[in-house]
Number of protein chains: 4
Amino acid sequence: MADRRALDALRSLVAEREWAQFHTPESLSKSICIEAGELLECFQWNPHGDLADAADELADVLTYCYLLADLLNQDPEALILKKLETTRVKYPLDRARGRSNRYDQL
Amino acid sequence: MADRRALDALRSLVAEREWAQFHTPESLSKSICIEAGELLECFQWNPHGDLADAADELADVLTYCYLLADLLNQDPEALILKKLETTRVKYPLDRARGRSNRYDQL
Amino acid sequence: MADRRALDALRSLVAEREWAQFHTPESLSKSICIEAGELLECFQWNPHGDLADAADELADVLTYCYLLADLLNQDPEALILKKLETTRVKYPLDRARGRSNRYDQL
Amino acid sequence: MADRRALDALRSLVAEREWAQFHTPESLSKSICIEAGELLECFQWNPHGDLADAADELADVLTYCYLLADLLNQDPEALILKKLETTRVKYPLDRARGRSNRYDQL
């Protein structure tokens, strides 16, 4: 389970500014998409990009991901751990090792 | 700081499958964008969407975000907390309360 | 087939600025994603958004789509017409009429 | 101006299936983002990707772009040509030639 500090701080920020009225699963998903595009912009013309800028944009994506997880009553790290189990099964070691293929093309 | 379990489990998965060779800041940023699109698809024609599907897609976005944070030597929750401080300054309480405007339009 | 004016004008712009060196199918696909995120931003907190802004961002998405089509030796409108035929088959009138479901859920 | 065949064919498809009820500027912008992510997926782990797949996904992005342009009462190629004029001004030849920098970093 993620520790509570980031989540508590996010909840305070949102509560103080009365922003919860704007946060729906849909609007937060749109926001994640928008910020993911800004992250990708760091690498638009250069595969190496500016990594400090990238960390800064990643922070925005993560922020909206945490807010959406909270709205869905999910712990972010529990979501990751649960999905990991699915990935282990879909990508068995003997077939997936050293390959970037999708599970249905292994 | 995020607890170590999700990160440790992700690192094991990646190491066992020898996937680190495919993980660059750019390829993980592309992956975040791709998965963000799949999350948005839950709400393509319906603003209410299917929230169980959304949680499942959010898990994928979060997974790539954690992998990118790790590659950039950043703690995901430290990134969120740091960005929160910037947001507090850009969106002062007295002007941002109850408004969804961008900071440059407050 | 799309008329030639937009394409010719794009080619001149790119040639004069010697930008073709930056245009690969991958970099243009990243650019389409980035601009699509900016288009979505017009509707981030408001489903009605600002339609003049949206038209402006749509122009950017379309510009990169045309550049990518050209790089792939495809005519943009021929691509649309060909995909339409696939859609007609995947979404038969009697099952798809008045429904927003995906073809595999009709 | 784009020729009418692609637009007319799209309009017929939408009318026959009674899909106009689902098409708002917001839902079409979401759709463009979703399809842009699928296009990017062709290059997720390989900068060279599969170009036939890419053309197929580009067709989906273009289709939604045309539908959105139509909903906004805009001609797709007129949008491109108008944006081109803005680009010419923001990226003057003498400063932009051979450089991929953004206009505010030239």
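Chain A is annotated in an unreviewed UniProt entry as Nucleotide pyrophosphohydrolase of Flexivirga aerilata.

Let us look at the overall build of chain A. What chain A contains, in helices and strands, is five helices and zero strands. Reading the secondary structure of chain A in the N-to-C direction produces α-α-α-α-α. Computed over C-alpha atoms, the radius of gyration of chain A comes to 17 Å, more than 25% over the 13 Å expected from 2.2 N^0.38 for 106 residues, which places it beyond the range of a compact globule. Across its three principal directions, the C-alpha atoms of chain A cover 50 × 35 × 25 Å. Burial analysis of chain A (106 residues in total) assigns 53% to the buried set. Here the analysis covers contacts within chain A between residues at least 6 apart in sequence; of these, 51% occur between residues at least 24 apart. Taken as a whole, chain A presents about 4800 Å² of accessible surface, with 48% of it coming from carbon and sulfur.

Let us now look at the interface of chain C and chain D. Each partner contributes to the interface: chain C provides 59 residues, whereas chain D provides 59 residues. Both sides together, the interface formed by chain C and chain D hides about 5500 Å², and carbon and sulfur atoms give 69% of it. On the chain C side of the contact with chain D, Arg17, Ile80 and Lys83 of chain C bury the most area, a combined 11% of that side's loss. The interface formed by chain C and chain D contains eight salt bridges. With a closest N to O distance of 2.9 Å, Lys83 of chain C and Asp60 of chain D form a salt bridge. Only helix H1 (4-17), helix H2 (25-41), helix H3 (51-71), helix H4 (76-90) and helix H5 (93-96) of chain C provide two or more residues apiece to the side of chain C that touches chain D.

What follows concerns the domain arrangement of chain A. All names here are of chain A. Segmenting chain A into domains produces domain 1 (1-74) and domain 2 (75-106). For domain 1 and domain 2, the distance between their C-alpha centres works out to 24 Å. Contact residues are listed per partner, giving six residues for domain 1 and four residues for domain 2. With both sides pooled, the region where domain 1 packs onto domain 2 buries about 510 Å², and carbon together with sulfur makes up 65% of that total. Counting across the interface, domain 1 meets domain 2 through zero salt bridges. Between domain 1 and domain 2 we count zero residue pairs in polar contact (both at pLDDT 80 or more) in total. Here the residues of the side of domain 1 that touches domain 2 sort into four nonpolar, two polar and no charged.

Turning our attention to the pattern of salt bridges. Under the definition given, this model contains 40 salt bridges over all chains. In this structure, Asp104 of chain A and Arg102 of chain A form a salt bridge, with 3.0 Å as the shortest nitrogen-oxygen distance. A relative accessible area of 42% places Asp104 of chain A in the partly exposed class. Arg102 of chain A sits in the partly exposed class, given a relative accessible area of 39%. One salt-bridge network, held together by shared partners, links Glu16 and Arg17 of chain A together with Glu85 and Arg88 of chain B.

Low pLDDT marks stretches whose predicted atomic positions should not be read closely. Mean pLDDT for chain A: 95, with 97% of residues reaching 70 or above. This prediction of the complex comes with two scores: 0.96 for pTM and 0.95 for ipTM.

A separate point is the state of the cysteines. What the rule picks out here adds up to zero disulfides over all chains. Not part of a disulfide, Cys65 of chain B finds its nearest cysteine sulfur in Cys65 of chain A, a span of 4.5 Å. On the accessibility criterion, Cys65 of chain B (0% relative accessible area) is buried. Not engaged in a disulfide, the cysteine Cys42 of chain D finds its nearest cysteine sulfur in Cys33 of chain C; these two sulfurs lie 11 Å apart. Classification of Cys42 of chain D as buried rests on a relative accessible area of 17%.

On to the relation of the copies chain B and chain A, then. By a simple turn and slide, chain B fits onto chain A: the slide is 0.0 Å along the axis, the RMSD is 0.0 Å, and the turn is 180°. Read as a symmetry element, the transformation amounts to a two-fold axis. A symmetric contact is evident, with 100% of the interface residues of chain B recurring at the interface of chain A.

To continue, consider the relation of the copies chain C and chain D. Under the fitted operation, chain C is carried onto chain D by 0.0 Å of movement along the axis and a turn of 180°, and the coordinates agree to an RMSD of 0.0 Å. Of all interface residues in chain C, 100% are interface residues in chain D too; the two copies therefore contact each other through one and the same surface.

Moving on, we get to the packing of aromatic side chains. Within this structure, the stated rule accounts for twelve aromatic pairs over all chains. Relative to Trp45 of chain C, the ring of Tyr64 of chain A lies with its centre 6.3 Å away and its plane at 45°, an arrangement referred to as tilted. Taken together, the positions of Tyr64 of chain A in helix H3 (residues 51-71) and Trp45 of chain C in the loop between H2 and H3 put the pair across two chains. Look at Trp45 of chain C and you get partly exposed, because its relative accessible area is 25%. Taking 6.1 Å as the distance between ring centres and 75° as the angle between the ring planes, the aromatic pair formed by Tyr91 of chain C and Tyr103 of chain C counts as edge-to-face. Placement of Tyr91 of chain C in the loop between H4 and H5 and of Tyr103 of chain C in the segment after H5 is noted, with a sequence separation of twelve residues between them. We classify Tyr91 of chain C as buried; its relative accessible area is 14%. Three or more aromatic residues joined by ring pairs form one cluster here, namely Trp19 of chain A together with Tyr91 and Tyr103 of chain B.

A separate point is the interface of chain B and chain A. Counting residues at the interface gives 59 residues for chain B and 59 residues for chain A. Together chain B and chain A conceal approximately 5400 Å² of surface at their shared face, both sides included; 69% is due to carbon and sulfur atoms. Contact with chain A buries surface across chain B, with Arg17, Ile80 and Lys83 of chain B losing the most and accounting together for 11% of the total. Ionic pairing is found between Arg97 of chain B and Glu18 of chain A, a salt bridge with its closest N-O pair at 3.8 Å. Here chain B is connected to chain A by 17 residue pairs in polar contact (both at pLDDT 80 or more).

What counts and how
- Residues numbered from 1 in each chain as written.
- Chains lettered and ligands numbered in written order.
- Predicted model: local features only at pLDDT ≥ 70, side-chain atom pairs only at ≥ 80, totals over all residues.
- Heavy atoms only, no water.
- Helix = DSSP H or I, 4+ residues; strand = E, 2+ residues; numbered from the N terminus.
- Rg over C-alpha atoms; globule rule 2.2 N^0.38 Å.
- Buried < 20%, exposed > 50% of the residue type's maximum accessible area, 1.4 Å probe, protein only.
- Contact = heavy atoms within 4.5 Å.
- Areas by Shrake-Rupley, 256 points an atom, 1.4 Å probe, with all protein chains shown as cover.
- Buried area = accessible area lost by both parts, 1.4 Å probe.
- Salt bridge = Lys/Arg side-chain N within 4 Å of Asp/Glu carboxyl O.
- Domains from an automatic or database assignment.
- Polar contact = N/O pair within 3.5 Å; in protein donor to acceptor, adjacent residues only side chain to side chain.
- Nonpolar A, V, L, I, M, F, W, Y, C, P; charged D, E, K, R; others polar.
- pLDDT = per-residue confidence, 0-100.
- Disulfide = S-S within 2.5 Å.
- Least-squares fit on C-alpha atoms with pLDDT ≥ 70 in both.
- Phe/Tyr/Trp six-rings, centres within 6.5 Å; stacked < 30°, edge-to-face > 60°.

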